[in-house]
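An overview of the molecular structure
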Amino acid sequence: MIPAQFDYARAKTLDEALTRLAQNEDAKILAGGHSLIPAMKLRLTQPPLLVDIGRIADLSYIREDNGQIRIGAMTTHYQIESSDLLKKICPLLPECAAHIGDPQVRNKGTIGGSLAHSDPAGDWPAAIIALNAEIVIVSKSGERTIKADDFFVDFLTTALKPGEILREIRINRTNGRTGQAYVKLHHPASGFAVVGVAANLSLNGDGTCDRASIGITGVAAKAYRARDVETALNNTKLNIDTIKNAASHATDGTDTNGDLFASAEYRRHLARVYTQRAVSAALDKAK
Amino acid sequence: MKIEGTHEIHSPPEHVFQSLTDPQILQRCIPGCVSLEKTAEAIYVATMKVGIGPVKGTFKGNVRLEDMQPSSHYRMIVDGKGAPGFAKGTGDFNLHENDSGTAIAYTGEMQVGGVIAGVGQRMIEAAAKMLAAQFFNNLDKEIGSEPKTVSEAV
């Protein structure tokens with residue numbers, strides 16, 4: 001499996017990468033290369049030019065600024081999985097990272113690359129939606145910030161335009177009683193999510209749910225926010241019955257997809273079961 | 001794989017039928033269609049450049065229209081081949097007049113093979129639905145109405 005011929009440019013700075021990218025609209029950014037390179041080896045994709053951003057020093061970081069968590073696009077899954085800061089202030093991210101692929105994928109693959117690829121069964125999109133994150137995008141004409149909900153447009157399609165690079169993920173730190181969880185049914189061969197559900201709950205003092213954010217991946221053409229589940233959870237005293245009732249709305253208004261492994265109907269069932277599990281696990285952590 | 005759905009369009013069935021069987025309009029509506037040439041009565045040769053995310057490929061194929069019942073029904077038989085794989089499919093289109101114009105009900109059976117089926121199996125259905133939605137959105141632009149597609153795979 002040898003890819004078609006392509007040109008390769010290693011950018012030293014983000015500005016250089018943007019310049020290279022502007023020269024060829026079919027050029028692809030090479031981040032961790034764990035989705036792009038396999039597709040190239042199968043010749044499913046044959047980009048004429050790869051712009052490698054792996055050596056740009058200031059794209060890999062995890063830090064907290066004034067209550068906001070900032071993660072550089074080239075931060076690897078493993079760096080997130082093993083971050084003590086994130087385990088303390090945003091445990092959903094390390095938990096989600098631990099579910100991705102295998103050690104090799106986690107050591108090389110990056111959060112920015114995964115989001116930009118927007119695999120319909122990728123793990124990050126569910127977590128990023130549940131965390132109400134913002135995504136920072138740069139291009140030659142400047143910088144823009146987009147909400148996670150608006151970033152995922154369709155199957156393998158994001159709001160990134162030609163000439164743009166995903167630079168940073170921003171998440172507002174939540175205070176008070178919060179609980180987060182990511183649960184997933186792994187595809188036994190690929191490790192991708194047959195269904196993956198990320199739940200992020202904020203609870204009031206009396207134990208009712210103040211704000212629930214639920215992201216679901218693997219079920220539809222793109223990861224989505226389960227709005228009807230959130231509505232059913234908000235301002236509700238959470239117990240097994242209310243959670244089960246809310247989870248029954250996991251695929252409302254969603255066009256679900258099937259494949260040889262799991263039919264659309266089975267996936268809808270799984271989405272309800274795993275949503276119930278994710279919300280229950282998040283609630284346990286908030287106690 | 002089976003795909004079916006309905007699409008409503010603000011135009012009378014006669015006009016919709018005419019548009020759906022007009023090579024020039026079809027070329028503008030089929031996603032990535034570079035050329036569509038008529039080789040015989042109701043037989044066309046098409047070239048499509050399809051790009052979905054990182055997967056890009058050029059497909060060449062034949063399109064045949066059968067069982068033409070003007071303004072109510074026709075069947076489309078497609079087979080195409082490209083570097084990423086091949087696809088064969090049959091689709092039935094039924095047109096009904098309703099309050100807002102025409103309801104197009106379609107059912108299709110599709111087979112996909114080659115590399116794209118081997119490694120992309122879990123994605124084929126999503127890709128097919130996305131292309132169907134794009135086709136009908138383009139058709140809406142051609143005939144001039146708001147997009148409204150419901151597709152369901154069974």
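Preceding this section is the structure that the text describes.
Residues numbered from 1 in each chain as written. Chains lettered and ligands numbered in written order. Predicted model: local features only at pLDDT ≥ 70, side-chain atom pairs only at ≥ 80, totals over all residues. Heavy atoms only, no water.

1. Focus: the overall build of chain A
Convention followed: In this description a helix means any DSSP run of H or I spanning at least four residues, a strand means any run of E spanning at least two, and both kinds are numbered starting from the N terminus. We compute the radius of gyration over the C-alpha atoms and compare it with the globule rule, which gives 2.2 Å times the number of residues raised to the power 0.38. Each residue's exposure class comes from its accessible area (1.4 Å probe, protein chains only) as a fraction of the maximum for that residue type: buried when under 20%, exposed when over 50%, partly exposed otherwise. Contacts are residue-level and defined by heavy atoms, with any inter-residue pair within 4.5 Å sufficient.
When helices and strands are counted, chain A shows 12 helices and 14 strands. The C-alpha radius of gyration computed for chain A amounts to 19 Å, which stays within 12% of the reference 19 Å derived for 287 residues, consistent with globular compactness. Each of the three principal axes of chain A carries a C-alpha extent, and together these read 60 × 45 × 30 Å. The burial tally for chain A puts 54% of its 287 residues in the buried class. Here the analysis covers contacts within chain A between residues at least 6 apart in sequence; of these, 63% occur between residues at least 24 apart.

2. Some points on the environment of B:Ser71
Residue and element names in this part refer to chain B. If you trace the backbone, serine 71 turns up in the loop between strand S4 (55-69) and strand S5 (73-82). With 57 residues separating them in the primary sequence, serine 71 and glutamate 14 have C-alpha atoms 4.7 Å apart. Residue contacts for serine 71: discarding those within four places in its chain leaves Pro13, Glu14, Phe17 and Leu95.

3. Quick look at the sheet that holds strand S13 (residues 209-217) of chain A
All names here are of chain A. What counts, and what does not: Here, strands pair whenever DSSP counts at least two bridges between them.
Taken in spatial order, the 4 strands line up as S11-S12-S13-S14 in an open sheet, and their pairing is antiparallel. In this open sheet, the two strands that pair with only one neighbour each are strand S11 (177-186) and strand S14 (224-225). In this structure, S13 lies alongside S14, joined through 2 bridges in antiparallel fashion. Considered in S14, the bridge of glycine 215 is made with arginine 225.

4. So, the nonpolar core
Residue and element names in this part refer to chain A. Rule in force here: Take the buried Ala, Val, Leu, Ile, Met, Phe, Trp, Tyr and Cys residues and link them wherever side-chain atoms come within 4.5 Å; each set so joined is a nonpolar core.
Among the nonpolar cores identified, the biggest contains 36 residues, and Leu93, Leu115, Trp124, Ile128, Phe151 and Ile169 are the most heavily contacted of them. Counting residues per element, this core draws most heavily on helix H8 (residues 124-130), which supplies 6 residues. Counting 31 residues, the second-largest nonpolar core is a separate cluster that includes Val194, Leu201, Ile216 and Ala282.

5. What to know about the sheet that holds strand S2 (residues 28-30) of chain A
All names here are of chain A. Where we set the bar: Geometry is summarised by axes, namely lines fitted to C-alpha atoms with helices restricted to the contacting stretch, and by angles between N-to-C directions that run from 0 to 180 degrees.
Across the sheet, which stays open at both edges, the 3 strands sit in the order S1-S3-S2 with parallel pairing between neighbours. Looking along the sheet, the strands with just one partner apiece sit at the ends: strand S1 (7-10) and S2. Here the average twist between neighbouring strands, direction ignored, is 30°. Sheet strands touched by helix H1 (residues 14-23): S1, S2 and strand S3 (49-52). Its angle to S3, the strand with the most contacts, is close to 170°.

6. Re the environment of A:Leu85
With respect to the helices and strands, the residue A:Leu85 is situated in helix H4 (residues 84-89). What A:Leu85 contacts, discounting residues up to four positions off in sequence, is A:Ile62, A:Arg63, A:Glu64 and A:Cys90.

7. Some remarks on the packing of helix H1 (residues 13-20) of chain B against helix H3 (residues 115-143) of chain B
Residue and element names in this part refer to chain B. Applied cut-off: What sets the label is the angle itself: under 35 degrees gives roughly parallel, over 145 gives roughly antiparallel, 65 to 115 gives roughly perpendicular, and the rest give oblique. We call a crossing left-handed when the near helix sits turned anticlockwise from the far one by less than a right angle, and right-handed when that turn is clockwise. Residues were grouped as follows: Ala, Val, Leu, Ile, Met, Phe, Trp, Tyr, Cys and Pro as nonpolar; Asp, Glu, Lys and Arg as charged; and all remaining residues, including Gly, as polar.
H3 packs onto H1 with a crossing angle of 120° between their chain directions and a minimal axis gap of 11 Å. Considering the angle they form, H1 stands oblique to H3. The way H1 lies across H3 gives a crossing that is right-handed. The segment H1 lies against H3, with His15, Val16, Ser19 and Leu20 engaging Phe135, Leu139 and Ile143. For the contact of H1 with H3, the per-class residue count stands at 5 nonpolar, 2 polar and no charged.

8. Side note on helix H12 (residues 264-286) of chain A
Every α-helical turn comprises 3.6 residues, leaving residues that sit three or four positions apart pointing alike. All names here are of chain A. Rules: Under the convention used throughout, the expected extent of a helix is 1.5 Å for every residue step, that is, one less than its residue count.
With 23 residues, H12 should reach 33 Å at 1.5 Å per residue; the first-to-last C-alpha distance of 32 Å fits that figure. When H12 is considered as a whole, its buried residues turn out to be Ala264, Arg267, Leu270, Ala271, Tyr274, Thr275, Gln276, Ala278, Val279, Ala282, Leu283 and Ala286. Contacts made by the buried residues of H12 are with S11, strand S12 (193-203), S13, helix H10 (227-233) and helix H11 (240-247).

9. Some words on the pairing of strand S6 (residues 134-139) of chain A
All names here are of chain A. Counting buried positions along S6 yields 5 of 6 residues, so the element is predominantly enclosed. As paired strands, S6 and strand S7 (residues 142-147) are joined by 6 bridges and run antiparallel to one another. Bridging across to S7, valine 136 finds its partner in threonine 145. In this sheet, strand S10 (residues 165-172) lies alongside S6 in antiparallel orientation, the contact comprising 5 bridges. By the bridge assignment, isoleucine 135 is partnered in S10 with isoleucine 169.

10. A short note on H3(B)
Note the cut-off: To obtain the bend at a residue, axes are fitted to the seven residues ending there and to the seven starting there, and the angle between these axes is taken.
The terminal C-alpha atoms of H3(B), which comprises 29 residues, lie only 36 Å apart, well short of the 42 Å expected from a rise of 1.5 Å per residue. The largest bend along H3(B) reaches roughly 100° and is located at B:Gln121.

11. Observations regarding the packing of H11(A) against H12(A)
Residue and element names in this part refer to chain A. Running from N to C, H11 and H12 point in directions that differ by 140°, and their axes come no closer than 8 Å. One way to sum up the angle between H11 and H12 is to call them oblique. Once H11 is placed against H12, the crossing between them reads as right-handed. On the side of H11, the interface is formed by Ile240, Ile243, Lys244 and Ala247, while H12 contributes Arg272, Thr275, Gln276, Val279, Ser280 and Leu283. Its residues assigned to classes, the contact of H11 with H12 shows 5 nonpolar, 3 polar and 2 charged.

12. Some details on the interface of chain B and chain A
Many descriptions give the size of an interface as the accessible area lost when the pieces come together. Worth spelling out the cut-off: A quick way to say it: buried area is the sum, across both parts, of accessible area lost when two parts are put together, with a 1.4 Å probe. Counted as salt bridges are all cases of a side-chain nitrogen of Lys or Arg within 4 Å of a carboxyl oxygen of Asp or Glu. In protein, a polar contact means a hydrogen-donor-capable atom and an acceptor-capable atom, both N or O and within 3.5 Å, with residues adjacent in sequence counting only if both atoms are side-chain atoms; elsewhere, any N or O pair within 3.5 Å suffices.
On the chain A side, the residues contacting the 19 residues of chain B number 22 residues. Buried area between chain B and chain A, summed over both chains or domains, comes out near 1,900 Å², and the portion from carbon and sulfur atoms is 59%. Our count for the chain B to chain A interface comes out at 2 salt bridges. In this structure, B:Lys129 engages A:Asp255 in a salt bridge whose closest nitrogen and oxygen atoms are separated by 3.0 Å. Seen at the junction of chain B and chain A, the total is 5 residue pairs in polar contact (both at pLDDT 80 or more). Those elements that provide at least two residues to the side of chain B that touches chain A are S4, H3 and strand S8 (149-153) of chain B. If one sorts the elements of the side of chain B that touches chain A by residue count, H3(B) sits on top with 11 residues. Along the lines of polarity and charge, the residues of the side of chain B that touches chain A split into 11 nonpolar, 3 polar and 5 charged.

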